[in-house]
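Here's the letter readout for the chains.
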Amino acid sequence: PLPVAEVKTGSSKAILITPEGKQFSLFQQDSSQTLELGNGLIAINKGNVVEYMEFSTSTSQQKNNIIQVPKGGEYELILPDGTHVWINSDSELSFPLQFDSTKREVSLSGEAYFAVTKDPQRPFTVKLSEGIEVKVLGTQFNVQAYPDENTIETTLCEGSVNVSDGTKETILTPSLQAVYSKTAKSITTRKVDLRLYTSWKKGLFVFENKPLEEIMTTLSRWYNINVFYANQAVKTYHFTGDLERYGDFRKALGMIEKATSIRFIINGNNIMVEEIQTK
């Protein structure tokens, strides 16, 4: 049998960083833990979700907290206004300790799913790289904005959102996705199957005719692995199927091997992908 003990499925874990630079390690645990964040601020960590308590004084509201979710991690956050954010692996969310009376703004690098509490007086904005902003009043949507990807994707599940690149605005209705291309510097929209973009928060990877290179990038964030390719051709193999996020890593790779003519060679947490030569 191949030595794959080092490859572990991801779990609930993150680091919370206060404006003063204080760090709290968040991870799966049995009992709730109260985090004293300073200035009378409190957050409750419940093991896979951290919840901020509404805070009435106006002192340090503009300072931002940061949640960093490492490779192999995911975490849920409840903001002071009740908005739920599910943060995916290798992602970072920056948010104020308290939203002000006219707006709610957060910044994201990586991937997160937002279920925003309705508050017409205070629009909710997610700031992304490249000057992209997603503005909402109350809705559910997924944003994928990893620095190493060429696109920023905003996928709307319910309600409506406004995606802007500073010059052009696009209004999305449910099942529409706005795709910003970093090379073309423009936004296009397309209708998508929501399952493909939101199943990760329910414990599934759902791939539909995806190139192997994209699939392995996704898996590498969750399993914290390094992927190498024996040649460029294998990157373009396509795969369709559902893989369990919390399932056995070998089983996930086995399903891809069955559906394509490639094989994976595992050495610690390094994975080599190669073609099977047919006679």
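Attention in this report is confined to the structure presented alongside it.

What counts, and where the lines are drawn
Residues numbered from 1 in each chain as written. Predicted model: local features only at pLDDT ≥ 70, side-chain atom pairs only at ≥ 80, totals over all residues. Heavy atoms only, no water. 1 Å grid on protein atoms, 1.4 Å probe; cavity = no way out; pocket = protein on both sides within 12 Å on 5 of 7 lines; lining within 4 Å. Points joined across faces, edges and corners; volume = space filled by probe spheres on them. Helix = DSSP H or I, 4+ residues; strand = E, 2+ residues; numbered from the N terminus. Nonpolar A, V, L, I, M, F, W, Y, C, P; charged D, E, K, R; others polar. Buried < 20%, exposed > 50% of the residue type's maximum accessible area, 1.4 Å probe, protein only. Polar contact = N/O pair within 3.5 Å; in protein donor to acceptor, adjacent residues only side chain to side chain. Phe/Tyr/Trp six-rings, centres within 6.5 Å; stacked < 30°, edge-to-face > 60°. Lys NZ or Arg CZ within 6 Å of the ring centre and 35° of its normal. Axes fitted to C-alpha atoms, helices over the stretch in contact; angles between N-to-C directions. Parallel < 35°, antiparallel > 145°, perpendicular 65-115°, else oblique. Contact = heavy atoms within 4.5 Å. Pairing = 2+ DSSP bridges.

Overview of the layout of surface pockets
Considering only enclosed or pocket space, the largest pocket measures out at about 500 Å³ in volume. Around the largest pocket sit 30 residues that line it, and Q144, L196, Y197, K210 and T218 are the ones nearest its centre. Counting residues per element, the lining of the largest pocket draws most heavily on strand β19 (residues 204-211), at 6 residues. Here the residues of the lining of the largest pocket are counted per class, giving 10 nonpolar, 11 polar and 9 charged.

Focus on the environment of D100
Within the element layout of this structure, D100 appears in the loop between β9 (91-96) and β10 (104-115). With relative accessibility at 17%, the residue D100 sits in the buried group. In this structure the C-alpha to C-alpha distance between D100 and S261, which are 161 residues apart in sequence, comes to 55 Å. Polar side-chain contacts of D100 include one of 3.0 Å to the backbone nitrogen of T102.

Considerations on the packing of aromatic side chains
Two descriptors summarise a pair of aromatic rings, namely the distance from one centre to the other and the angle between the planes of the rings. Following the criterion strictly, the structure yields 8 aromatic pairs and no others. When the ring of F205 is compared with that of F207, the centres are 6.0 Å apart and the planes differ by 10°; the resulting orientation is stacked. Per residue, the accessibility class of F205 equals that of F207, and both read buried. Ring pairs connect the aromatic residues F99, F114, F124 and F141, which therefore count as one cluster. One residue, R221, lies across the ring of Y146, its end atom 3.4 Å from the ring centre. We note R245 situated over the ring of W222; from NZ or CZ to the ring centre the distance is 3.8 Å.

Quick word on the packing of helix α2 (residues 212-223) against helix α3 (residues 249-259)
Following both chains from N to C, one finds α2 and α3 inclined at 175°, their axes separated by 13 Å at the closest point. By the criterion of interaxial angle, the relationship of α2 to α3 is roughly antiparallel. For the pair formed by α2 and α3, the contact residues are L212, I215, M216, L219 and Y223 on the first element and F249, A252, L253 and I256 on the second. The residue makeup of the contact of α2 with α3, split by class, is 9 nonpolar, no polar and no charged.

Quick notes on the pairing of β10
The element β10 is extensively covered by neighbouring structure, given that 9 of its 12 residues are classed as buried. Here 4 bridges tie strand β8 (residues 84-87) to β10, and the two strands are oriented antiparallel to one another. Counterpart to V85 in the pairing with β10 is F114. Of the strand pairs in this sheet, β9 and β10 are connected by 3 bridges, and their pairing is antiparallel. The residue of β10 that forms the bridge with E92 is S109. Pairing analysis gives 4 bridges linking β10 to strand β11 (residues 124-127), with the strands arranged parallel. Residue S107 lies in a different strand from β11, and its bridge partner there is K127. Across 6 bridges, the pairing between β10 and strand β13 (residues 140-145) is antiparallel. Bridge assignment links G110 to a residue of β13, and that residue is A145.

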